[in-house]
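What follows is the residue order along each chain.
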Protein chains: 2
Amino acid sequence: MIQTLTQQIEALASGVNSSSELAAGSLDRAARHAKLNAFVALDPDLVMRQARAADERRRQGKALSPIDGVPIAIKDNYLTADYPTTACSNALPLERQGQDATIVANLRKAGAVIFAKTNMHEWAYGATNSASSFGATRNPRNPDHITGGSSGGSGAAVAAGIVSAALGSDTGGSIRIPSGACGIYGFKPSYGRASRNGVLPLSWSLDAPGPITAALDDIIHLMPFICGEDGNDPATLRSLAFGPVGRLDRPRLINLAGEGLERSDDVDGSFLSALRRSGAEVTNRELEGVSSYFAAWEAILHCEASSYHAELLARNPSGFTALTRAHLEAGTRISGVELLKAQRIRGQLTTQLNGLGDWDALVLPTLPVVAPKIGDDWQTFGGRRVTTQDSMTWFCWIGNLAGLPCISIPCGSSPEGLPVGMMLMGRYGQDERLLAVARWVDRRINMDA
Amino acid sequence: MIQTLTQQIEALASGVNSSSELAAGSLDRAARHAKLNAFVALDPDLVMRQARAADERRRQGKALSPIDGVPIAIKDNYLTADYPTTACSNALPLERQGQDATIVANLRKAGAVIFAKTNMHEWAYGATNSASSFGATRNPRNPDHITGGSSGGSGAAVAAGIVSAALGSDTGGSIRIPSGACGIYGFKPSYGRASRNGVLPLSWSLDAPGPITAALDDIIHLMPFICGEDGNDPATLRSLAFGPVGRLDRPRLINLAGEGLERSDDVDGSFLSALRRSGAEVTNRELEGVSSYFAAWEAILHCEASSYHAELLARNPSGFTALTRAHLEAGTRISGVELLKAQRIRGQLTTQLNGLGDWDALVLPTLPVVAPKIGDDWQTFGGRRVTTQDSMTWFCWIGNLAGLPCISIPCGSSPEGLPVGMMLMGRYGQDERLLAVARWVDRRINMDA
């Protein structure tokens, strides 16, 4: 049984556990699960020093926050003052090391134990987590299968129960994909509500940082340290601090389907069954133009990634894997006029989603397939044969292109016991309301069961 | 002596003049100045019908606004319900004709007499006003010289005293250039404060519509009909209605210089003399990186123009002049990565200008030269030899790239009697404050003299 962040907060508050005990437990489990390859930097001394300092604060009645003393793992594209930051690439990042990303600094100020850096897909430029300078991560539910990525190490660390929470980042699903594939919870905030300062970018108009956790309420505990205005990330200007997550009546969900939104029968069965069990009001709607929206997402992603990496690629081309280098070079061949077209199509998606009527959340499976086997390059489902890479971002990129808050929650498993995830997307900027909807659904499908 | 809009408003209010008298006067002067080629659509019957209706409203005490009955000319890239809209191009625009742009509709609702459509540089894609399907405009101060553009017809109409006010649009100076070259007043609002709905675009992230007038207070009379939120132009979201233009103490001006900001001795002499006469607190500062900012402005301009015109260019290539076609084709060869770099450099300009310290306005001449002779393709000044086109946008594009409110006011003339303009740029969104600064300066250099 995985311990949740909420349980750890309660155990620390009541004195049932010390931070040193939590940290020692995490270190022990990290060692036992070493073959998952979840971590790329982990210093037990550093961890225990932070935990003992937290215990000392609590002893003096000076705990910095409810999460003071909780071990939290950090994806390796967040700058950290103590651990190096590599984005799991051999091409050394140009950013200044030795400082904390804004969100890491917030967690540290709240007393969280910065536990380790987690494995990721090189530069977050892929969704399988098989390309990493530290090697692939393995899925705790079945180590012959991928975790999905790019925040795969964070997903594995939480799903294996090593830590209750980890940070990820999401450009086309990189938080939700490993959450769905590993059977845990992952939340991508609305674009611009959480600071990217110190998070190495993939595509700055799509990127959002966020948490991966053992339970839904864990997300709500962490969001106050993640959301809010940061003068160092212009996209967060006028971003609101994270507010209360209220209770609500039966939510109205729109279940999206259409060409380009196919999924395997296994996934669809678990997903629809969970949707029925949820008791929510569900309307089925067609989303038109998926292939054109997807092309727009790809053009923006590749162009921005090529722009960001231009200097490093020129300086150290062999530092990148061949596939990432090919992506970056392809990105330079997209014309400005094509990019502008993509940006206009992006606006049309928002218009279409807003025009679907009154809805509290849009709903889709997180992934069209369960976690693929390591080494399987192709997936077949719903009459489609697509690369494993494309199958991972299959539904998720929609939330990035529209900038919406999105959450993946577990919703069952396939006959072979691999997790199926449900993705809920909220209205822009209404992250708190989406979490209220997700909590309503989660209680009915995962706790009443 | 040119009649100002303020004088016309007073004459109508006091009954000294009727709208029919103003309109008849404008029609008479338009006929006498026909060789200026300021107008491309002008229907005397339509004008007089509007004027008589305005007079009837005033007789009944039902004037719609202070400007009810004032003739105002409209640049030919604004859609108008009565006149056709051609952007002075043989390539017929694809936009629906027969409706008013938002600003035209606002003026019409206020009772203004929509007087005529004014000549412009084809598609606003040039700053000389020599390329127009209706032929070049001529400068009222000396008809052998250009008006500058692209709102050259509006500039000529006001400078010749035909109307007291006209609408223009400005992507790299197209309002301020003819205002400077013809010795009148032109105001480009902050990006996003005035609706572009129904104004045919050149470059949607740079374009701003605004007035060209006979006097500074005329601008202030018109701005309430020009500024404000319009659901049909997303850039105006959260745009404020135009507020009061207050009085202020001695303003602090920063006089910009540096490589790329050279000007002729004649212009510099008039400009510096006016700056001294103004009595404002003037600090001289260097603007660094002008050539890289200029390249960014050009990349954004050409890319967006090529994107907007792609469909029409494919359908009717011979409808464009060779030069415009060459621009549009060149624009398609800019890469997405180059465009993104230009967008980033754009952000650096704003940072640099904000970092110049405490200032109420930045100040430059409007143009580095006085209005060139028609047919002169090159200008030599300050050790530079540049195309007449580049000399027209020389200083003006800075305000578009940074999105700042900018005004051109007259500040003297060259030995041969051609006008010299002074350009003041305000802080983003603070259009009212810039107009207060400009009024302070204008009173001292143009009224105390």
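As recorded by an unreviewed UniProt entry, chain A carries the name Indoleacetamide hydrolase and is attributed to Bradyrhizobium brasilense. One UniProt comment on chain A, placed under Sequence similarities (unreviewed entry), says "Belongs to the amidase family." Its UniProt record gives chain A the following Function (unreviewed entry) comment, quoted word for word: "Hydrolyzes indole-3-acetamide (IAM) into indole-3-acetic acid (IAA)."

(A) Geometry of the side chain of Gln8(A). Mapped onto the fold, Gln8(A) is located in helix H1 (residues 5-14). Residues contacting Gln8(A), with those up to four places away along its chain left out, are Gln3(A), Leu22(A), Val70(A) and Ser164(A).

(B) Here's a closer look at the relation of the copies chain A and chain B. Once turned by 179° and shifted 0.0 Å along the axis, chain A lies on chain B with an RMSD of 0.0 Å. Overall, the copies show the geometry of a two-fold rotation axis. Looking at chain A, 100% of its interface residues are interface residues in chain B too, so the copies touch through the same face.

(C) Structural view of the environment of Gly336(B). Structurally, Gly336(B) can be placed in helix H11 (residues 336-354). The class for Gly336(B) is buried, based on a relative accessible area of 0%. A C-alpha to C-alpha distance of 50 Å links Gly336(B) and Met447(B), two positions 111 residues apart in sequence. Residues within four places of Gly336(B) in sequence aside, it is in contact with Cys303(A), Ile334(A), Ser335(A), Gly336(A) and Leu339(A).

(D) Representation of the sheet that holds strand S12 (residues 406-413) of chain B within the structure. All names here are of chain B. One open sheet accounts for 11 strands, arranged S1-S3-S2-S4-S6-S5-S12-S13-S9-S7-S8; its pairing is mixed. Looking at the sheet topology across the chains shown, the edges are occupied by strand S1 (39-41) and strand S8 (281-286). Averaged over all adjacent pairs, the angle separating strand axes in this sheet is 30°, with direction ignored. Examined bridge by bridge, strand S5 (residues 185-188) and strand S6 (residues 208-213) share 2 bridges and lie antiparallel to one another. If you follow Tyr185 over to S6, its bridge partner there is Thr213. Relative to the sheet, helix H14 (residues 431-447) contacts S5, strand S7 (252-257), strand S9 (361-365), S12 and strand S13 (419-425), its axis offset from that of S12 by approximately 5°.

(E) Here's a closer look at the interface of chain A and chain B. The interface is formed by 15 residues belonging to chain A together with 15 residues belonging to chain B. Summing both sides of the interface, chain A and chain B together bury roughly 1,100 Å²; the carbon and sulfur share of this comes to 68%. When the buried area of chain A at its contact with chain B is split by residue, Ser307(A), Val337(A) and Leu340(A) rank highest and sum to 41% of it. For the pair chain A and chain B, the interface holds 0 salt bridges. For the interface between chain A and chain B, the tally reads 4 residue pairs in polar contact (both at pLDDT 80 or more). Among the secondary structure elements, those contributing two or more residues to the side of chain A that touches chain B are helix H9 (290-315) and helix H11 (336-354) of chain A. A class-by-class count of the residues in the side of chain A that touches chain B yields 6 nonpolar, 7 polar and 2 charged.

(F) Geometry of the packing of aromatic side chains. All names here are of chain B. For the coordinates displayed, the defined rule picks out 14 aromatic pairs over all chains. When the ring of Trp123 is compared with that of Tyr308, the centres are 6.5 Å apart and the planes differ by 70°; the resulting orientation is edge-to-face. Of the two residues, Trp123 is situated in the loop between strand S3 (113-118) and helix H5 (152-159) and Tyr308 in helix H9 (residues 290-315); the sequence distance between them amounts to 185 residues. The exposure class of Trp123 is buried, given its relative accessible area of 3%. Between Phe294 and Trp397 the ring centres are 5.5 Å apart and the planes differ by 65°, which places this aromatic pair in the edge-to-face class. Here Trp397 lies in helix H13 (residues 397-402) and Phe294 lies in helix H9, a separation of 103 residues in the sequence.

(G) How the structure looks around the UniProt feature "domain: Amidase" (unreviewed entry) in chain A. With numbering aligned to this structure, UniProt lists the feature "domain: Amidase" (unreviewed entry) at residues 25-435 of chain A. Helix makes up 35% of residues 25-435 of chain A and strand 17%, whereas the separation of the span's terminal C-alpha atoms amounts to 29 Å.

(H) Just the pairing of S13(B), in detail. Residue and element names in this part refer to chain B. In terms of residue burial, S13 counts as a mostly covered element, since 7 of its 7 residues are buried. Because side chains alternate across S13, one face comprises the buried residues Pro419, Gly421, Met423 and Met425, and the other comprises Val420, Met422 and Leu424, equally buried. In this sheet, S13 lies alongside S12 in antiparallel orientation, the contact comprising 6 bridges. Bridged to Ser408 within S13 is Met423.

(I) Here's a closer look at the domain arrangement of chain A. Residue and element names in this part refer to chain A. Domain boundaries assigned for chain A yield domain 1 (5-236) and domain 2 (252-293 + 335-447). A separation of 24 Å is found between the C-alpha centroids of domain 1 and domain 2. Listed by partner, the interface residues are 40 residues for domain 1 and 42 residues for domain 2. Of the roughly 3,100 Å² buried where domain 1 meets domain 2, counting both sides, 61% is carbon and sulfur surface. Of all residues in domain 1, His145, Arg176 and Leu216 bury the most surface against domain 2, accounting for 19% of the area lost on that side. The tally of links from domain 1 across to domain 2 stands at 4 salt bridges. Ionic pairing is found between Arg193 and Asp431, a salt bridge with its closest N-O pair at 3.6 Å. Where domain 1 meets domain 2, there are 23 residue pairs in polar contact (both at pLDDT 80 or more).

(J) How the structure looks around unusual backbone geometry. Residue and element names in this part refer to chain A. With an omega of 10°, the peptide bond running from Gly149 to Ser150 counts as cis. When you line up the elements, Ser150 lands in the loop between strand S3 (113-118) and helix H5 (152-159). We note that Cys88 has phi near 55°; this positive angle belongs to a residue other than glycine. Looking at the element boundaries, Cys88 is found in the loop between strand S2 (71-75) and helix H4 (102-109). Assessed through its relative accessible area of 0%, Cys88 is described here as buried. The backbone phi angle of Trp123 is positive, close to 60°, even though this residue is not glycine.

(K) Local environment of the side chain of Thr4(B). Mapping Thr4(B) onto the fold places it in the segment before helix H1 (5-14). Looking at Thr4(B), the relative accessible area reads 12%, which means it is buried.

(L) Spatial organisation of helix H3 (residues 44-59) of chain A. Residues and elements named next belong to chain A. Its 16 residues place the ends of H3 22 Å apart at the C-alpha level, agreeing with the 22 Å of an ideal helix rising 1.5 Å per residue. Of the residues making up H3, those classed as buried are Leu46, Val47, Met48, Gln50, Ala51, Ala54 and Asp55. On its buried side, H3 packs onto helix H2 (19-32), H4 and S3. Regarding H3, its N-cap is Asp43, as a side-chain oxygen of that residue lies 3.0 Å from the backbone nitrogen of Asp45 further along.

(M) How the structure looks around the packing of H1(B) against helix H7 (residues 216-226) of chain B. Residue and element names in this part refer to chain B. Contact geometry for H1 and H7: axes closest at 7 Å, N-to-C directions at 65°. Between H1 and H7, the residues in contact are Leu5, Thr6 and Ile9 and Asp217, Asp218, His221 and Leu222, respectively. Of the residues that constitute the contact of H1 with H7, the class distribution is 3 nonpolar, 2 polar and 2 charged.

(N) Broad picture of the environment of Gln389(A). Residues and elements named next belong to chain A. Structurally, the position occupied by Gln389 is in helix H12 (residues 388-393). With a relative accessible area of 28%, Gln389 lands in the partly exposed category. Sequence-wise, Gln389 and Tyr78 are 311 residues apart; in three dimensions their C-alpha atoms are separated by 23 Å. Contact partners of Gln389, with chain neighbours within four places excluded, come to Gly126, Ala127 and Thr128. At a separation of 2.8 Å, a polar atom in the side chain of Gln389 contacts the main-chain amide nitrogen of Ala127.

(O) Molecular detail of the pattern of salt bridges. Residues and elements named next belong to chain A. Counted according to the given criterion, the structure contains 36 salt bridges over all chains. With a shortest N-O distance of 2.9 Å, Asp268 and Arg263 are connected by a salt bridge. A residue is classified by how much of its surface remains accessible, and Arg263, at 12% relative accessible area, is buried. A network of salt bridges, in which partner residues are shared, links Arg252, Asp358, Asp360 and Arg433.

Calculation notes
Residues numbered from 1 in each chain as written. Chains lettered and ligands numbered in written order. Predicted model: local features only at pLDDT ≥ 70, side-chain atom pairs only at ≥ 80, totals over all residues. Heavy atoms only, no water. UniProt positions renumbered as here; feature names shortened; annotations may be inferred. Helix = DSSP H or I, 4+ residues; strand = E, 2+ residues; numbered from the N terminus. Contact = heavy atoms within 4.5 Å. Least-squares fit on C-alpha atoms with pLDDT ≥ 70 in both. Buried < 20%, exposed > 50% of the residue type's maximum accessible area, 1.4 Å probe, protein only. Pairing = 2+ DSSP bridges. Axes fitted to C-alpha atoms, helices over the stretch in contact; angles between N-to-C directions. Buried area = accessible area lost by both parts, 1.4 Å probe. Salt bridge = Lys/Arg side-chain N within 4 Å of Asp/Glu carboxyl O. Polar contact = N/O pair within 3.5 Å; in protein donor to acceptor, adjacent residues only side chain to side chain. Nonpolar A, V, L, I, M, F, W, Y, C, P; charged D, E, K, R; others polar. Phe/Tyr/Trp six-rings, centres within 6.5 Å; stacked < 30°, edge-to-face > 60°. Domains from an automatic or database assignment. Expected span 1.5 Å × (residues − 1).

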